[in-house]
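Okay, here's what each chain looks like letter by letter:
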Amino acid sequence: MSNITAAVIANRNKKHFLGVPAPLGYVAGVGRGATGFTTRSDIGPARDANDVSDDRHAPPATKRKKKDEEEEEDEDLNDSNYDEFSGYSGSLFSKDPYDKDDEEADAIYDSIEKRMDEKRKEYRDRRLREDLERYRQERPKIQQQFSDLKRSLATVTTEEWSTIPEVGDSRNRKQRNPRAEKFTPLPDSVLSRNLGGETASSLDASSGLASMVPGVATPGMLTPTGDLDLRKIGQARNTLMNVKLSQVSDSVTGQTVVDPKGYLTDLQSMIPTYGGDINDIKKARLLLKSVRETNPNHPPAWIASARLEEVTGKVQMARNLIMRGCEMNPQSEDLWLEAARLQPPDTAKAVIAQAARHIPTSVRIWIKAADLETETKAKRRVFRKALEHIPNSVRLWKAAVELENPDDARILLSRAVECCNTSVELWLALARLETYENARKVLNKARENIPTDRQIWTTAAKLEEANGNIHMVEKIVDRSLTSLTANGVEINRDHWFQEAIEAEKSGAVNCCQAIVKAVIGIGVEEEDRKQTWIDDAEFCAKENAFECARAVYAHALQMFPSKKSIWLRAAYFEKNHGTRESLEALLQRAVAHCPKSEILWLMGAKSKWMAGDVPAARGILSLAFQANPNSEDIWLAAVKLESENSEYERARRLLAKARGSAPTPRVMMKSARLEWALERFDEALRLLAEAVEVFPEFPKLWMMKGQIEEQQKRTDDAAATYTLALKKCPTSIPLWILSANLEERKGVLTKARSILERGRLRNPKVAVLWLEAIRVELRAGLKEIASTMMARALQECPNAGELWAEAIFMETKPQRKTKSVDALKKCEHDPHVLLAVSKLFWSEHKFSKCRDWFNRTVKIDPDLGDAWAYFYKFELLHGTEQQQQEVLERCIAAEPTHGESWCSVSKCIRNWQFKTPDVLRAVVRELSVPI
C-alpha cells in the first residue's frame, strides 16, 4: 500500500512538458527577458586562419560574386532609416562618379564648417577652462593638497632629514623576515675522523692535503714523516697568538703598547691615493711617454708625466721623470720649479741652485729660492744675489725691501729707484721713508721720471698738508691737472674722485677738498651741473667720504646760492652726518639766501630747541615771522615750542593771534586740541563748532568734536556729529570707522555693518574699510562670515597688504605659511605683509629669520610705528641689551608716525606730550606675543 502511494505522489508532482520536445522557435527564458545563446556545438569546430576552407557545398564563384555585388548595391531606403535632419543613413549617390564639382562642393562645405567651428572655438575653450577650473577646485590633486607641506621641506635640515623613519615594508611577516639558513660549525673531531676515513683521527702526511695545512711540509729528504693531529694544530695556534700578544703588551700594567693612530696611518699609506681606473692610468702613461719621446723638448709633457706619477703615489718615479726633463730642457723655469716642488726641502735647495745657474735671469726661480730659506739673513742674501743678475726687477726690489729695517730699506730704495726709475710704488715708498725735505726732492725726481702719473702729485699734496703747508695743497692739485693735461693725460673725473676719497680715508681732508674743487666741473654740461653734483655728493656719502660730500655741497651752493633744494639736501646731510654746530651754521647761511623757505627756518629752530636752547629757538622763529608774516607752519611751530615747554598761556595767545591773522583749518584744529589736552572741553567744543561752520569739509575737526563728546559719555551727540560729518566729508575713511565703532560699542552690530557697507559703496576698493568690517565680525565671534568677507575683500583689493596681513593670521597654523607665500607673491614689498611674516616666524620660534624680516620691514618703511614696536618687543624678549638699545636708537632716529597700534597711543589725548621713546614703550606694553 505504501509503494502505491509513493508512485501516485510522484506522478502527481511531475510536470506535463517534461520529456516532450520543444516547440519550433522556442528560446528558453525569453518570457522573463532572457536571450538565446549559441554554443560551439551549434557552429562546429573552430578553424585557424591558415586552414584550407571546406568549399565542397559552396555555390559557384560566379554566383557568389554576383550575389555580393547585389548586396553592395542594395541600399536601405526604408522610411525607418530616414531622419529629417541628416536624411538617409547611407549615401543616396554612392554609386555615382565623384567629379570636380563634387570636390569643389565638399571644399566649400569644409570651409564653412571650419569657419563655424572657429566662431565657436573661443566660447568652447573658455567653457572648457571654466569647467576644468571648477573641477580642480572641487577635486584638487593630491599634489595641491600637500603643497604647503612640500614647501616646508625646503627648511628641513640634514639632521631632521636623517631622523625621518624609513617607509615600512608592506609584505607580511613571513616575507619580511625569511628564516635565515642556519650553519652549525663542525667540531675538529668530525673533521679528523672523516679526513682519512671513517675511523682515522690523523692526517696522512704522504697525502697532498698535508701541504695545505700551515706549518706542515710534504715528505721529502728533510721532512720527517708521521701523523698530524689537528687538535694539536689548534692548540699551537692559540699558543702562538698568546706569545705575540705578550710581546706587544706592557709587562707592568698589561696594557697594549700598540699605537692605534700610527697603525691606522700606516694602513692608510698602503692604500693608493688615486681612486680611478688603473686602465686609464696605463693609457695616460703610454700617451705621455709617446709625447716625451716624440718631442723631448716640450716641458708640459714632462710636467704632466711627473704629476701623473705623483697622483698615483709613485713620488720617486715622478722625481726621476722631472729631473730627466730638466736635463733635456735646462732653460725651462716651469720644469725647475716643478722639480723643486716635488723634491724634499734639502734636495729642493740644490735643485733650485742648479736652476739659478742655468737661468740666472728668472725672477720666479730666485723668489722660490728665497722661499726655501728659513732664516731672514739667508733670504736677504738670496735677494741681493738675485738683484745682481736682475737689477731692473721691481718685484725683487719690493721683496728685498720688505725684509729690511727702515734705515736699510731707505738705502735699498735709493738704489731701486735708480734701477727702476719708472716704478711709482718704489718712488712713493722711498718718499714715505725720507724726511720732509728729502721726500719733496724724491717726489720732484719722480715727477721728472714719470710725468703722467697722478699718484705722485696727490702724494705731494698729502705731504704738504701733513707738514702744515695747507696753502700749498690747492696749488699742487691745480699744477697737477695742468701738467698732466700738458703731457697728454686725460683727466678722468671718476678716477680723481676715487683719489679724493682715498685722501680723506688717509686723513688728508684739505687734499680731498682741493681735489673735489679742482675736478668737480670737468666734463659736466652747464645744464646738468646741479643734478650731477647732487649725485656726486650722494655717492661720496654712500662711500662714507663725508668731507668729499661736504666739499661737493659747498661748491654747488657757491654756484647756486638761491636753490632751496640744494640747501635742504645739504642740511639733511649735516643733520645725519655732521654736528649740531655745522648744521646750525649751514642753516644760518641758508635762511640768509632763501628767507622765504619756511622749512629752513623750522629746521634751525628745532635744532636749537632739541639742544635745549629755547630762547634761541624763539629768536629764530621771530625772525621767521618777519620774513614770512602769515605762515601757518611758523605759527604752529611757535605754538608747539611753547606747549612742549609747558608755556600754555603763551601758546594760547599765539594761537589766538594766528586765528586772527591766518585762520586756517590746521590753526583751528591745533587751538581746539590744546584746549582738549588741557581738559577745557567747553572751550574746545566752542572752537570746533565755529570751525566746522567755516571749514565743514575738514574731517579732523568733526572727528575731534565726536571724540570729545564720546569722552563726555554723550554717545547720541557723538553719533549725530558723525552722521552730519559723513554727509559733509563722505570720502574720509577714519570718519566711517569712528562712526561704525561707536555703534559697535553701543551694541548695535547691524547698524555698524550698515555704516561700513555704505562707506564701501561711497569709497570702493578701500582696503581699510574692508578690514574694519572683517574685524567687526571677528569681534562678534562670526569667523565664517569674516572668512567669506575676506575672500570678497581680496577679490576687490588684491594688492592690499593690510588685508593679506590679516588673512595670514585668520588661517589655521598649518595653512599660515602657504597664505604668507601667496601674500608675498601679491605684495612683495608691502610693510604690512613683511611685518606679518616676521610675526609668523616669531610664533614658530625661528628667531634669526624673524630678526632678519623685522630689519627688512623697518628698512622698507621706517615710518611704520607698529613694525618698530613689534621689533622692540621681540628684542626685549629674545635679544641682548645691545640689540635692544640699537632698535630703540633707530626708532628714535626714524620718528615713525603711522601704524594702527602706534596711532592709537600717540593720538590719544592723554599722551599728547609723549616723545617717540614714550610712545614706543607704551605700544610695546599693549602688544601681545604672536601665537
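Values in this document were obtained by computation on a predicted structure and should not be read as measured data.

Engineer: Quick question: what am I supposed to make of the overall build of the chain here?
Structural biologist: Scanning the chain from terminus to terminus reveals 50 helices and two strands. Intrachain contacts of the chain at a sequence separation of at least 6 include 50% that bridge at least 24 residues. Of the roughly 60,100 Å² of accessible surface on the chain, 52% is carried by carbon and sulfur atoms.

Engineer: How should the nonpolar core be read in this particular structure?
Structural biologist: The nonpolar side chains of a soluble globular protein tend to be buried, and buried together. Formed by 216 residues in total, the largest nonpolar core has its most connected members in Leu803 and Leu920. When neighbours within four sequence positions are excluded, Leu920 is seen to be in contact with Trp868, Ala869, Tyr872, Leu888, Cys891 and Trp902.

Engineer: Would you mind showing me how to read the UniProt feature "coiled-coil region" (unreviewed entry) in the chain here?
Structural biologist: The feature "coiled-coil region" (unreviewed entry), as given by UniProt, occupies residues 125-152 in the numbering adopted here. Helix makes up 86% of residues 125-152 and strand 0%, and the two end C-alpha atoms of the span are 36 Å apart.

Engineer: So what exactly am I meant to see when it comes to a positive patch on the surface here?
Structural biologist: A surface patch of like charges, here positive, comprises Lys640, Lys670, Lys700 and Lys907. For Lys907, a relative accessible area of 57% puts it in the exposed group.

Engineer: In this structure, what is going on with the pattern of salt bridges? I would like to understand it.
Structural biologist: Two side chains carrying opposite charge are able to pair once their charged atoms lie near each other. Under the defined criterion, the tally for this structure stands at 45 salt bridges. For Arg285, the salt bridge goes to Glu309, with nearest N and O atoms at 2.7 Å. Remark: Glu309 occurs in helix H13 (residues 299-311) and Arg285 occurs in helix H12 (residues 278-294); sequence separation between them is 24 residues. Owing to a relative accessible area of 25%, Arg285 belongs among the partly exposed residues under this scheme. For Glu309, a relative accessible area of 4% gives the class buried.

Engineer: How should I be thinking about the packing of aromatic side chains in this particular structure?
Structural biologist: One pair of aromatic rings is described through two measures. These are the centre distance and the angle between the planes. Applying the stated criterion across every chain, the model contains 10 aromatic pairs. Taking the centre distance of 6.0 Å and the plane angle of 40° together, the rings of Phe841 and Trp853 count as tilted. Of this pair, Phe841 sits in helix H45 (residues 831-843) while Trp853 sits in helix H46 (residues 847-860), and the two are 12 residues apart along the sequence. Each of the two residues, Phe841 as well as Trp853, counts as buried. Seen from their ring centres, Phe854 and Phe871 are 5.3 Å apart, and the 15° between their planes marks the pair as stacked. Here Phe871 lies in helix H47 (residues 865-878) and Phe854 lies in helix H46, a separation of 17 residues in the sequence. Owing to a relative accessible area of 2%, Phe871 belongs among the buried residues under this scheme.

Engineer: Mind showing me how you'd approach the side chain of Ser607 here?
Structural biologist: Structurally, Ser607 can be placed in helix H31 (residues 598-610). Ser607 sits in the buried class, given a relative accessible area of 10%. Not counting chain neighbours up to four residues away, the residues in contact with Ser607 comprise Arg580, Leu583 and Glu584.

Engineer: Before we go on, may I ask you to explain unusual backbone geometry in this structure?
Structural biologist: Residues apart from glycine generally show negative phi values, whereas peptide bonds are mostly found in trans. Phi at Lys713 is positive, roughly 65°, even though this residue is not glycine. Counting through the fold element by element, Lys713 comes out in the loop between helix H37 (699-711) and helix H38 (715-728). Judged by its relative accessible area of 72%, Lys713 falls in the exposed class. Of note in this structure, Glu895 is not a glycine but carries a positive phi near 50°. Structurally, Glu895 is set in the loop between helix H48 (881-894) and helix H49 (900-906).

Engineer: Sorry if this is basic, but what is going on with helix H41 (residues 767-779) here?
Structural biologist: Along an α-helix, residues three or four positions apart point the same way, because every turn accommodates 3.6 residues. For H41, built from 13 residues, the straight-helix expectation of 18 Å at 1.5 Å per residue is met to within 8% by its first-to-last C-alpha distance of 18 Å. Counting buried residues in H41 gives 10 out of 13 residues, a clear majority hidden from the surface. Taken together, the buried positions of H41 are occupied by Ala767, Leu769, Trp770, Leu771, Glu772, Ala773, Ile774, Arg775, Val776 and Glu777. On its buried face, H41 sits against helix H39 (733-745), helix H40 (749-762), helix H42 (783-796), helix H43 (801-810) and H49. Of the residues one or two after H41, Gly781 is the one with positive phi, at around 85°.

Engineer: Would you explain the confidence of the model for the chain in this entry?
Structural biologist: Segments scoring low in pLDDT should not have their predicted coordinates read at a detailed level. Of the residues in the chain, 80% have a pLDDT of 70 or more, and the chain-wide mean is 79. Across residues 69-73, confidence stays below pLDDT 50; counting only partners more than four residues off in sequence or on other chains, it has zero contacts.

Engineer: When you look at H47 in this model, what are you seeing that I'm missing?
Structural biologist: Here H47 is 14 residues long and its end C-alpha atoms lie 20 Å apart, about the 20 Å a rise of 1.5 Å per residue gives. Of all 14 residues making up H47, 11 are buried, and the element is well covered by its neighbours. When H47 is considered as a whole, its buried residues turn out to be Gly865, Asp866, Ala867, Trp868, Ala869, Tyr870, Phe871, Tyr872, Lys873, Phe874 and Glu875. Elements that come into contact with the buried residues of H47 comprise H45, H46, H48, H49 and helix H50 (916-926).

Engineer: What am I meant to see in the packing of helix H24 (residues 470-486) against helix H26 (residues 509-519) here?
Structural biologist: Contact pair H24 / H26: the axes reach a minimum separation of 9 Å and the direction vectors enclose 40°. Here H24 lies oblique to H26, going by the angle between them. Between H24 and H26 the crossing geometry is right-handed. Each of Ile470, Val473, Glu474, Val477, Asp478 and Leu481 in H24 lies in contact with H26, whose residues at this interface are Asn510, Cys511, Ala514, Ile515, Lys517, Ala518 and Val519.

Engineer: How should the environment of Ser111 be read in this particular structure?
Structural biologist: In this fold, Ser111 is placed in helix H4 (residues 100-138). The partly exposed category is assigned to Ser111, whose relative accessible area is 41%. Side-chain polar atoms of Ser111 contact the backbone oxygen of Ile108, separated by 2.6 Å.

Engineer: Looking at this structure, I do not really get a nonpolar patch on the surface. What am I missing?
Structural biologist: A contiguous nonpolar surface patch, about 400 Å² in accessible area, is contributed by Ile108, Tyr109, Ile112 and Met116. Position of Met116 among the secondary structure elements: in helix H4. For Met116, a relative accessible area of 36% translates into the label partly exposed.

Engineer: Could you clarify how one ought to interpret the layout of surface pockets in this entry?
Structural biologist: Gaps left between atoms show up when a probe the size of a water molecule is rolled over them. Estimates place the volume of the second largest pocket at around 270 Å³. Among the elements of the structure, helix H16 (345-358), helix H17 (363-372) and helix H18 (376-389) are those that each provide at least two residues to the lining of the second largest pocket. For the lining of the second largest pocket, the element with the highest residue contribution is H16, accounting for five residues. Here the lining of the second largest pocket is composed, by residue class, of nine nonpolar, one polar and four charged.

Definitions and cut-offs
As a convention, each chain's residues are numbered from 1 in the sequence order in which they are written. Owing to the predicted nature of the model, reporting of local features is limited to residues with pLDDT of at least 70; listing and counting of side-chain atom pairs is limited to 80 or more, with chain, interface and lining totals taken over all residues. Each side-chain value is derived from all of the structure's non-hydrogen atoms; neither hydrogens nor water enter the calculation. Helix and strand definitions follow DSSP, with helices as H or I runs of at least four residues and strands as E runs of at least two, each counted in order from the N terminus. Whether two residues are in contact is decided by their heavy atoms: any pair within 4.5 Å suffices. The accessible surface values rely on the Shrake-Rupley method and a 1.4 Å probe; as for residues, cover is taken only from the protein chains in view. Definition of nonpolar core: a set of buried residues of the types Ala, Val, Leu, Ile, Met, Phe, Trp, Tyr and Cys, connected through side-chain atoms within 4.5 Å. Each residue is assigned to one of three classes by its accessible area relative to the maximum for its type, calculated with a 1.4 Å probe on protein chains only: buried under 20%, partly exposed between the two thresholds, exposed over 50%. UniProt positions are given in the numbering used here, feature names are shortened, and annotations may be inferred rather than shown by experiment. In this scheme, patches are assembled from residues that exceed 30% relative accessible area and form no salt bridge. Like charges are connected within 9 Å, while nonpolar side chains (Val, Leu, Ile, Met, Phe, Trp, Tyr) are connected within 5 Å. The term salt bridge refers to a side-chain nitrogen of Lys or Arg lying within 4 Å of a carboxyl oxygen of Asp or Glu. Residues scored as positive are Lys and Arg, those scored as negative are Asp and Glu, and His as well as the terminal groups of each chain are ignored. Charged groups are reduced to one reference atom each: NZ for lysine, CZ for arginine, CG for aspartic acid, CD for glutamic acid. Aromatic pairing here means that ring centres of Phe, Tyr or Trp (its six-membered ring) are within 6.5 Å. Orientation follows from the plane angle: under 30 degrees is stacked, over 60 is edge-to-face, and everything else is tilted. Multiplying one less than the number of residues by 1.5 Å gives the expected span of a helix. pLDDT gives the predictor's per-residue confidence on a scale running from 0 to 100. Axis lines are fitted through C-alpha atoms, for helices just across the contact stretch, and the angle between N-to-C directions can take any value from 0 to 180 degrees. We call two directions roughly parallel when the angle between them is under 35 degrees, roughly antiparallel when it is over 145, roughly perpendicular when it lies between 65 and 115, and oblique otherwise. Put simply, a crossing is left-handed when the front helix is turned counterclockwise from the back one by less than a right angle, and right-handed when it is turned clockwise. Think of a polar contact as two N or O atoms within 3.5 Å of one another; within protein, one of them needs to be a possible hydrogen donor and the other a possible acceptor, and neighboring residues in sequence only count if both atoms come from side chains. A 1.4 Å probe that fits into a set of points on a 1 Å grid over the protein atoms alone but cannot get out defines a cavity; an open set with protein on both sides within 12 Å along at least five of seven lines defines a pocket, and lining residues are those with an atom within 4 Å of a point. Grid points are joined across faces, edges and corners, and a volume is the space filled by probe spheres set on the points. In this count, Pro and Cys sit with the nonpolar residues alongside Ala, Val, Leu, Ile, Met, Phe, Trp and Tyr, while Asp, Glu, Lys and Arg are called charged and the others, Gly among them, polar.

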